Each structure stands twice: as structure tokens, then as C-alpha cells.
Amino acid sequence: MSSVFAAIDLRPGGPADMAVVTTLMAEAFDPAYGEAWTAGQCLGILSLSGVWLTLASIDGAPAGFALARSTLDEAELLLLATSPRWRRRGVGGQLLRSVMRDAGDRGARKLHLEVRAGNAAIGLYQREGFSKTGERRNYYRGGSGGAFDAHSFMRLLDNFER
């Protein structure tokens, strides 16, 4: 395994990368929580205007991805996943900052996201300046039938360095 300081490479993704995306989702998202999307859902949204996919790799190995969309002056982080093999090495942070830059370049002034209550990624979002704006009760439906709340977060992009 590479060192903690291995370079993280980011590149734009597309429909041809769906096998990588679904593999990363299977690794990153516990089916007990119902957070992962199907390949069809990803392909469907990726075909819409204003949607983009960013892939991260380390030493050529898939490390994570982010799927986002923008409309007018707002953007939404739809999915962010980091392979467990590469967690705590800056992959999620680089993907998130890439989405913030891309959203700002597309004219967005705000970036929204939803995350399952209790998800460790909440710490990353808070460190990157996101604030909780709301909650959706029983939003996620897990594989075992359990329901989990979602927390909504938002960050202004006006003061984000591009």
C-alpha cells in the first residue's frame, strides 16, 4: 500500500466509468444504511445538464468519486465516496474541494448536501465550512428495513478560494 502522502489524482468521469463508480459505492457504502445508488440512477442523473462526475485515484487505483450538479446559482453534492482502503488520506477532502471549485466555476454561490445522521463524513463537511440547515426524518431506507435520518448541510462558495 502507498504511503499516506501518495499523490491523489483527480479527473473528470463519465458514463464509461460506471463500473468503477459502482465498485467504489459497494466498498464505501454499507448496505445497512441505504445510501448507495444503482448504476442506472447514476447514469440517469449523469445524462442531465449541469451534472458532473469526478474520479480520484492513487497510484492508478480507484480511490473515490464525487457526483454533483448545479442549477443557476446553487449546486448539490449528490454522492461522495472514498474506498475504505484510502480513507483518512485526504481523498474525500480533495474531492469535496474539487466539487466546490467546479460549482463556483459554474456560477454556484451555495453548495448543498445531505448525509446520513452519524456518518463520519459529517466531520469533513464541518471542517470544510458546511453548516447544518435541516433534517429529514427516516430519509434513508437500509437493506434490513431500518430507517435513518438525513442531515442537510450548506456552504456559501463566495469565500472559497478557487
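Residues numbered from 1 in each chain as written. Predicted model: local features only at pLDDT ≥ 70, side-chain atom pairs only at ≥ 80, totals over all residues. Heavy atoms only, no water.

Enquirer: Could you give an account of the pairing of strand β4 (residues 74-82), naming the residues involved and the relevant values?
Expert: Along any regular strand, the residues point their side chains to alternate faces of the sheet. Counted residue by residue, β4 has seven buried out of nine residues, so it is predominantly covered. For strand β3 (residues 61-71) and β4, the ladder comprises eight bridges, and the chain directions are antiparallel. Bridge pairing in β4 places Arg69 opposite Glu76. As consecutive antiparallel partners, β3 and β4 are separated by two residues, and within that stretch Leu72 has a phi angle of approximately 55 degrees, a positive value. Pairing between β4 and strand β5 (residues 110-116): four bridges, direction parallel. Note on β5: the bridge partner recorded for Glu74 is Lys110. In this view, the connection linking β4 to its parallel neighbour β5 by way of helix α3 (residues 91-105) has right-handed handedness. (Buried < 20%, exposed > 50% of the residue type's maximum accessible area, 1.4 Å probe, protein only. Helix = DSSP H or I, 4+ residues; strand = E, 2+ residues; numbered from the N terminus. Pairing = 2+ DSSP bridges. Right-handed = clockwise from strand over helix to strand, strands pointing away.)

Enquirer: Explain the nonpolar core residue by residue, including any values.
Expert: With 30 residues, the main nonpolar core has Leu77, Leu80, Val91, Leu96, Tyr125 and Phe130 as its most contacted residues. Looking at this core, the elements that each hand over two or more residues are β2 (51-58), β3, β4, α3, β5 and α4 (121-127). If one sorts the elements of this core by residue count, α3 sits on top with six residues. When sequence neighbours within four positions are dropped, the list of residues in contact with Leu80 reads Phe29, Phe65, Ala66, Gly92, Leu95, Leu96, Leu124 and Tyr125. (Core = buried A, V, L, I, M, F, W, Y, C linked by side-chain atoms within 4.5 Å. Contact = heavy atoms within 4.5 Å.)

Enquirer: Just give me the short version of the pattern of salt bridges, but keep the residues and values in it.
Expert: Under the counting rule described, the total for this entry stands at nine salt bridges. The shortest N-O distance in the salt bridge between Asp158 and Arg109 comes to 2.8 Å. You can see Asp158 sitting in the segment after β7 (147-156) and its partner Arg109 sitting in the loop between α3 and β5, a full 49 residues away along the chain. Connected via shared salt-bridge partners are Lys132, Glu135, Arg137 and Asp149. (Salt bridge = Lys/Arg side-chain N within 4 Å of Asp/Glu carboxyl O.)

Enquirer: Give a detailed account of the sheet that holds β5, specifying residues and quantitative values.
Expert: Spatial strand order, β1-β2-β3-β4-β5-β7-β6: seven strands in an open sheet with mixed pairing. Each edge of the open sheet is held by one strand with a lone partner, namely β1 (8-13) and β6 (131-141). Averaged over neighbouring strand pairs, the angle between their axes works out to 25 degrees when direction is ignored. Note: β6 against β7, seven bridges, orientation antiparallel. Bridge pairing in β7 links Tyr140 to Phe148. Most of the contacts of helix α2 (residues 39-46) go to β2, to which it runs at about 120 degrees, and overall it touches β2, β3 and β4. (Axes fitted to C-alpha atoms, helices over the stretch in contact; angles between N-to-C directions.)

Enquirer: Account for the pairing of β7, naming residues and giving values.
Expert: Most of β7 is tucked away: seven of the ten residues are buried. With seven bridges joining them, β5 and β7 adopt antiparallel strand pairing. Each bridged residue has a counterpart across the sheet, and for Lys110 the counterpart in β7 is Leu156. Where β6 hands over to β7, the hairpin turn is made up of five residues, of which Gly145 adopts a positive phi near 95 degrees.

Interpretation in functional terms is not warranted from these geometric data alone.
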